[in-house]
Amino acid sequence: MDEVERIERAMIAIRRRQTRRTLAADAPSGQAFDVLDVVEDATEPTVSTVAAALAVDQPRASKLVAAAVTAGYLRRVADQSDGRRSLLVLTEPGRDLLERAHERRRGAFDRAMTGWPDADRAAFARLLGRFVDGLD
């Protein structure tokens, strides 16, 4: 098995663990939760931003955003520079939910690297970031 195949298998294992909710135990599942991650990372998050980031069509993104708004995790605010669009803003419950998920994921990652020397952790973080950047 070559390195690329080993990486593929590792990425599949990570995805399965996420699906089993190992990394986000009390968070909404799948794309419903991914919407919050997109909004948190975007400079000016809109439904279009969500659609592009999640690779879904506009109607699907609208439904996902509407569900997050209904759940109280997001709110829509008028874009002051373009009255035709709304920006998406995390609410306090949405920020709290994301913070709990970040803490849980970071804890899982920290446990997975138990016993790793600091230099290995730093190298892994650098290489993983480089790998993810290369996927774009």
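See the structure shown above.
A few points on the structure.

The rules we used
- Residues numbered from 1 in each chain as written.
- Predicted model: local features only at pLDDT ≥ 70, side-chain atom pairs only at ≥ 80, totals over all residues.
- Heavy atoms only, no water.
- Helix = DSSP H or I, 4+ residues; strand = E, 2+ residues; numbered from the N terminus.
- Buried < 20%, exposed > 50% of the residue type's maximum accessible area, 1.4 Å probe, protein only.
- Contact = heavy atoms within 4.5 Å.
- Areas by Shrake-Rupley, 256 points an atom, 1.4 Å probe, with all protein chains shown as cover.
- Lys, Arg positive; Asp, Glu negative; His and termini not counted.
- Charge placed at Lys NZ, Arg CZ, Asp CG, Glu CD.
- Axes fitted to C-alpha atoms, helices over the stretch in contact; angles between N-to-C directions.
- Parallel < 35°, antiparallel > 145°, perpendicular 65-115°, else oblique.
- Left-handed = near helix turned anticlockwise from the far one by under 90°.
- Nonpolar A, V, L, I, M, F, W, Y, C, P; charged D, E, K, R; others polar.
- Salt bridge = Lys/Arg side-chain N within 4 Å of Asp/Glu carboxyl O.
- Patch = residues over 30% accessible without salt bridge, like charges linked within 9 Å, V, L, I, M, F, W, Y side chains within 5 Å.

## Focus on the overall build of the chain
Next, step 1: Tallying secondary structure elements over the chain gives six helices and two strands in all.
Next, step 2: Beginning at the N terminus, the succession of helices and strands in the chain can be written as α-α-α-α-β-β-α-α.
Next, step 3: C-alpha extents for the chain along the principal axes are approximately 50 × 30 × 25 Å.
Next, step 4: For the chain, the residues scored as buried account for 25% of the 136 residues in total.
Next, step 5: The long-range share in the chain, meaning contacts at least 24 apart out of those at least 6 apart in sequence, stands at 44%.
Next, step 6: For the chain, the accessible surface area stands at approximately 9300 Å², while carbon and sulfur atoms represent 53% of it.
Next, step 7: Measuring between centres, the 22 positive side-chain charges of the chain sit 5 Å from its 22 negative side-chain charges.

## Describing the packing of helix α3 (residues 47-54) against helix α4 (residues 58-70)
Packed helices, taken two at a time, are described by their axes: the angle between them and the distance between them.
Next, step 1: The geometry of α3 relative to α4 is characterised by a closest axis approach of 9 Å and an angle of 110 degrees between their N-to-C directions. On the basis of their axis angle, the class for α3 and α4 is roughly perpendicular. For the pair α3 and α4, the crossing hand works out as right-handed. In this structure, α3 uses Val47, Ser48, Val50, Ala51 and Leu54 to contact α4, whose residues at the interface are Gln58, Ala61, Ser62, Leu64 and Val65.
Next, step 2: For the contact of α3 with α4, the class distribution of residues is seven nonpolar, three polar and no charged.

## Some details on the pattern of salt bridges
Between side chains of opposite charge, a pair can form when the charged atoms approach closely.
Next, step 1: Here the structure, examined in full by the defined rule, presents six salt bridges.
Next, step 2: Ionic pairing is found between arginine 85 and aspartate 79, a salt bridge with its closest N-O pair at 2.4 Å.
Next, step 3: On the basis of relative accessibility, which here comes to 28%, the residue arginine 85 falls in the partly exposed class.
Next, step 4: We note a salt bridge from glutamate 92 to arginine 95, for which the minimum N-O separation is 2.8 Å. Within this pair, glutamate 92 and its partner arginine 95 are both found in helix α5 (residues 92-112), separated by three residues, close to a single helical turn.
Next, step 5: Accessibility expressed as a relative area gives 40% for arginine 95, which makes it partly exposed.
Next, step 6: One continuous salt-bridge network, built from bridges that share partners, spans Glu44, Asp79 and Arg85.

## With respect to a negative patch on the surface
Next, step 1: Taken together, the side chains of Glu40, Asp41, Asp96, Glu99 and Glu103 make up a negatively charged region of the molecular surface.
Next, step 2: Among the elements that make up the negative patch, the one with the highest residue count is α5 (three residues).
Next, step 3: Here glutamate 99 shows up in helix α5.

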